[in-house]
Amino acid sequence: MFDTTRRRVLQGSAAAGATAVAGCAADAPTAEQVQTARKQAEQQSKPTVDRVAADPTDIPGPIDRDSPTTVEVTLRPEEVRAEVEDGVTFDYMTYNGTVPGPFIRVRRGDTVDLTFENPASNSMPHNVDFHAAAGPGGGAEATMTAPGETARLRFKATYPGAFIYHCAVPNLDMHISAGMFGIILVEPEGGLPEVDREIYLGQHELYTKGKAGQEGHHKFDFASMRREDPTYVVMNGEKYAATPGNHGPAATVETGETVRVFFVTGGPNLTSSFHPIGNVWEELWAEGALSSEPERHVQTKPVAPGSTTIATMGFPVPGNFKLVDHALSRVARKGCLAVVTAEGEKRPEIFDPDPDA
């Protein structure tokens, strides 16, 4: 894709002016040519979609059946251009147009019948590796497709838990960094404990040739990925995506409710120190391992690339509760933040922000 930024256009204009002064005006672009180049740059940097951030509440409901079945799933790798933040665009690679990809929910013993459609409009091959699949490559070889091809995969969900799925082509780190990851939840036969609400968040890194906040289109930068030095570290694809100042909070809840959070670290490189500011994880299943007993009252949990966690939190008092990577420069400088807003009556016996009032 054409990658001229506003800054490069202006630099070119300045250089043209200097050349004209030096007596080489015949080779300098005209004002009309400069204006045309500027318009082309602006057009090429425009997003192709309004939003790439997945809605954190877009989760299939709990499974209430008692016997296994076949669950049909369609995944489409979609290459899209979207804003990381206002004025900054990036070429994402997604499953079904969002980061993270669709939340897939099945029961232990179910058979997943996957249709994998690589649109002809794409520029790259793609596939998917399910950590929930007991088979070679998690299905990566079976689903390897060029643009315009479709593949099928069937696998039985033989063990419970929350598992990442991700692209696994030779440049898998690039594809995952650009957004190709998600969660498949395999519920145990007895289901999960009942909660009031559920949300779904995915953290990953964006490696670009521009600096954070630099307007224009940012191309992918392999050198910074090798150094593991990302431009952005984000939840759900965009800087501060699930916050009141952007697409709205990850959820709005009532005090006294319990929220279950499904969290996946796509990476490809950085471990998240997942923490709820002003709260703790009441119950937490490390690695999404639902066969294990949950940890209780956990303040911060490392979630490595290629892994998940399932955690619950309560809201005894109202306010905005921030979910962060406690490597806090990633929050303050690189965009790694989501917010859950709790509404309800104040309870100063639990938390009083102004006891002298």
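About the cut-offs
- Residues numbered from 1 in each chain as written.
- Predicted model: local features only at pLDDT ≥ 70, side-chain atom pairs only at ≥ 80, totals over all residues.
- Heavy atoms only, no water.
- Helix = DSSP H or I, 4+ residues; strand = E, 2+ residues; numbered from the N terminus.
- Buried < 20%, exposed > 50% of the residue type's maximum accessible area, 1.4 Å probe, protein only.
- Contact = heavy atoms within 4.5 Å.
- Areas by Shrake-Rupley, 256 points an atom, 1.4 Å probe, with all protein chains shown as cover.
- Pairing = 2+ DSSP bridges.
- Axes fitted to C-alpha atoms, helices over the stretch in contact; angles between N-to-C directions.
- pLDDT = per-residue confidence, 0-100.
- Salt bridge = Lys/Arg side-chain N within 4 Å of Asp/Glu carboxyl O.
- Polar contact = N/O pair within 3.5 Å; in protein donor to acceptor, adjacent residues only side chain to side chain.

Visitor: Go over the overall build of the chain with me, naming the residues and quoting the values.
Guide: Secondary structure assignment for the chain yields five helices and 21 strands. The buried share among the 357 residues of the chain stands at 50%. Within the chain, residue pairs in contact and separated by at least 24 positions form 74% of the contacts whose partners lie at least 6 positions apart. For the chain, the exposed surface amounts to about 16300 Å²; the carbon and sulfur share of it is 48%.

Visitor: Account for the sheet that holds strand β7 (residues 150-156), naming residues and giving values.
Guide: A sheet is described by the order of its strands in space; here three strands give the open sequence β1-β5-β7, paired in mixed fashion. Only two strands of the sheet have a single partner each, and these edge strands are β1 (70-75) and β7. On average, each strand axis in the sheet is tilted by 15° relative to the strand beside it, whichever way the strands run. Where strand β5 (residues 111-117) lies against β7, seven bridges are found, and the strand directions are antiparallel. Residue pairing across strands places aspartate 113 opposite arginine 154, the latter belonging to β7.

Visitor: Could you give me a rundown of the confidence of the model for the chain, with the residues and numbers involved?
Guide: When pLDDT is averaged along the chain, the result is 92, and 89% of the positions lie at 70 or above. Here residues 1-25 is modelled with pLDDT under 50, and outside its nearest four sequence neighbours on either side it reaches 28 contacts, counting other chains as well.

Visitor: Explain the environment of glutamate 215 residue by residue, including any values.
Guide: Here glutamate 215 lies in the loop between β10 (197-206) and β11 (216-218). Residues glutamate 215 and serine 45, spaced 170 residues apart in sequence, show a C-alpha to C-alpha distance of 9.6 Å.

Visitor: Outline the pattern of salt bridges, listing residues and values.
Guide: When the charged atoms of two side chains lie near each other, side chains of opposite charge can form a pair. Applying the stated rule across the entire model yields 16 salt bridges. Ionic pairing is found between aspartate 229 and lysine 334, a salt bridge with its closest N-O pair at 3.7 Å. Of this pair, aspartate 229 sits in the loop between α4 (222-226) and β12 (232-235) while lysine 334 sits in the loop between α5 (329-332) and β21 (337-343), placing them 105 residues apart in sequence. In this structure aspartate 229 comes out as partly exposed when scored by relative accessible area, which is 39%. Across the salt bridge formed by aspartate 325 and arginine 330, the nearest N and O atoms sit 2.7 Å from each other. Bridged by salt links that share partners, the residues Arg105, Glu187, Glu198 and Arg260 form one connected network.

Visitor: A description of the side chain of arginine 81 should follow, citing residues and the corresponding values.
Guide: Following the sequence through the fold, arginine 81 ends up in strand β2 (residues 77-85). You can call arginine 81 buried: its relative accessible area is 3%. Polar contacts involving the side chain of arginine 81 include one to the side chain of aspartate 91, which spans 2.7 Å.

Visitor: Before we move on, could you go through the pairing of strand β4 (residues 104-107) and cite the residues and values that matter?
Guide: By the alternation rule, side chains of β4 split into Ile104 and Val106 and Arg105 and Arg107, which are all buried. With four bridges connecting them, β4 and strand β9 (residues 181-187) associate as parallel partners. By the bridge assignment for β9, isoleucine 104 is matched with isoleucine 184.

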